[in-house]
Amino acid sequence: MATVRPDDEAFEALFTAEYARVAGIANRVLADPHEAEDVAQEVFIDFHRLHSASAQYARAWLHRAAAHAALNRLRGARRRQRREVAQAAEQSTQSVDPQKQVEVNEDRRRVRQALARMAPKPAAVLVLRASGLSYAEVAQALGVGTGQVGTLLRRAESALRKEVTRGTSF
Amino acid sequence: MVDDPDAHDSADARHFESCPECQARYKAVAGDASHVATLLAAPELKVDLASAFDRVRSAPAAQPRFGLRLPVLQPGRRPMVLAFAATLAAVALLATALASGDNIFSPKTITPVPVTVADLQSISQLSAYGDLTWTTRPNLQIAANEAEAQSISGLKPPKVAKLPTGVSSTVTYAAMPKAVAVFTFSKAKAAAAAEQAGKPLPALPAGMDGAKLTVTIGPAVAEIYGNLSQPSSSSDLTQANLPQLIVATSSAPVATSTQVSVKQLEDYILTVPGISPQLAAAIKAIGDPSTTLPVPVPIEFGTATRVQVQGVDGVALGDNTGVGSGVIWIKNGLVYGVVGTIKQSDAIDIANHLT
């Protein structure tokens, strides 16, 4: 009979509490729920292999890893192409106004391209905050002081707007 | 502070109530934040927790149960990294083997010893001569940040004053509390190992059966520069990145032994078949084995030179081609290492300016 180790129970509790949020962070970056879940599962697998679920830093680690893993995936050219093909297929099967859907998808693609061009830290700050993490949680995930988060966010927002504008000016 | 109530205190709030300038800035910033939130809108995500958990649980078990998972290697770099891994293994074995009976092995300085792949294979056979048990298992962890790395290891991560051009400033912290291993030599195991090898190895010296070597390694802390992200699909393994630079510090390893003297162990190592004359000479040349940490240098893959680092003797490995180099030194009871895909001159410069 298999025995359940305390760490397995702790991992299940951590997974139950954090999976949706970790997947949400990845989805915020990728704008693709299927790919976001892939990333979230890989993040949990990596975590489980290397760390104790009862570690104090577990949540912060997961949040940071989700943001970075998704941003790295966003930067992968081949994956980006695949994602765009998948999104186009998804778009063709949706019943909403096709013209509107095309615009929404184009906006998402443009913003994600801008996000991929940003430096990792500002991009992660934006994504974590937009995923509903508090300033304290963003600070823990990125290893900065809570007081720095506001400034980092402002700069990151400005950088994203510039990148989006740059992307459309060509 | 504008969009998180927990991020400002009551004094901030009072000031804000009475400051039109702050209110105007708040409005602008809130407008920006709202615009960015719109930009970052994402399609709805519905998760199936149970099936996601099943997929995660059914993932294959980790290969290394402890320690950093090495980034996947470009095929062309494998020999060098294998040599590096073998070097680390040999450091542990040599340090263990050179521990003395009466004196505690507690290195205060460092010396390079040239080893061949055959040497490493020969030395590694020694590990079959007994039983290794961990009284405190190594638990190398990736830390979320510098403070956490310090809290895990009790050591302050060394600060790099200036990164060489081309090295990413993305840093990952790794830390390990102290680990303690006990190796018990066994006459029966040695005989069995020799028989299995088909090439009888020398018998254990008298008194060595049952001798215990207790080795303490760490605590240790490392800063790993570079993008360490793993590829997300197994078909794209070659897209993974190697660390560009690793800066690490660890308490110097300490070993104590019972029943056998350092001379016995040294003589014994030199009788193991396959040990090269260069290694034998280098081991014999170590003046005080109880205070010198030998750094095996794979002669097929690396060069070693003695250098001065932060006023003490160190060993510089590799060359100036930028393919890979490092420097190792011991100061105030701590072993420091700077290793990376950088020039040797850069490694020495980083080492001299670590704070």
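Remember, predicted model here, so these are calculated numbers, not experimental data.

Engineer: Account for the interface of chain B and chain A, with residues named and values stated.
Structural biologist: The interface is formed by 34 residues belonging to chain B together with 46 residues belonging to chain A. For the side of chain B that touches chain A, the secondary-structure elements that each account for two or more residues are α2 (20-39), α3 (49-57), β3 (141-143) and α6 (146-153) of chain B. The element best represented in the side of chain B that touches chain A is α2(B), accounting for six residues. Of the residues belonging to the side of chain B that touches chain A, the class tally is 22 nonpolar, five polar and seven charged.

Engineer: Mind laying out the packing of helix α2 (residues 33-50) of chain A against helix α3 (residues 58-75) of chain A, listing which residues take part and the relevant values?
Structural biologist: Residues and elements named next belong to chain A. Contact geometry of α2 with α3 gives a least axis separation of 9 Å together with a crossing angle of 130°. With respect to each other, α2 and α3 are oriented oblique. Two packed elements cross with a definite hand, and for α2 against α3 that hand is right-handed. Residues Glu35, Ala36, Val39, Ala40, Glu42, Val43, Asp46 and Phe47 of α2 lie in contact with α3, whose contacting residues are Trp61, Leu62, Ala65, Ala66, Ala69, Ala70 and Arg73. For the contact of α2 with α3, a count of residues per class yields 11 nonpolar, no polar and four charged.

Engineer: Outline the sheet that holds strand β9 (residues 254-257) of chain B, listing residues and values.
Structural biologist: Residue and element names in this part refer to chain B. Overall, antiparallel pairing links the four strands, which are arranged β2-β5-β6-β9 in an open sheet. Two strands lie at the open edges of the sheet, namely β2 (130-136) and β9, each paired on one side alone. Each strand axis lies, on average, 20° off the axis of its neighbour in the sheet, ignoring direction. Across six bridges, the pairing between β2 and strand β5 (residues 179-185) is antiparallel.

The rules we used
Residues numbered from 1 in each chain as written. Chains lettered and ligands numbered in written order. Predicted model: local features only at pLDDT ≥ 70, side-chain atom pairs only at ≥ 80, totals over all residues. Contact = placed C-beta atoms within 7 Å. Helix = DSSP H or I, 4+ residues; strand = E, 2+ residues; numbered from the N terminus. Nonpolar A, V, L, I, M, F, W, Y, C, P; charged D, E, K, R; others polar. Axes fitted to C-alpha atoms, helices over the stretch in contact; angles between N-to-C directions. Parallel < 35°, antiparallel > 145°, perpendicular 65-115°, else oblique. Left-handed = near helix turned anticlockwise from the far one by under 90°. Pairing = 2+ DSSP bridges.

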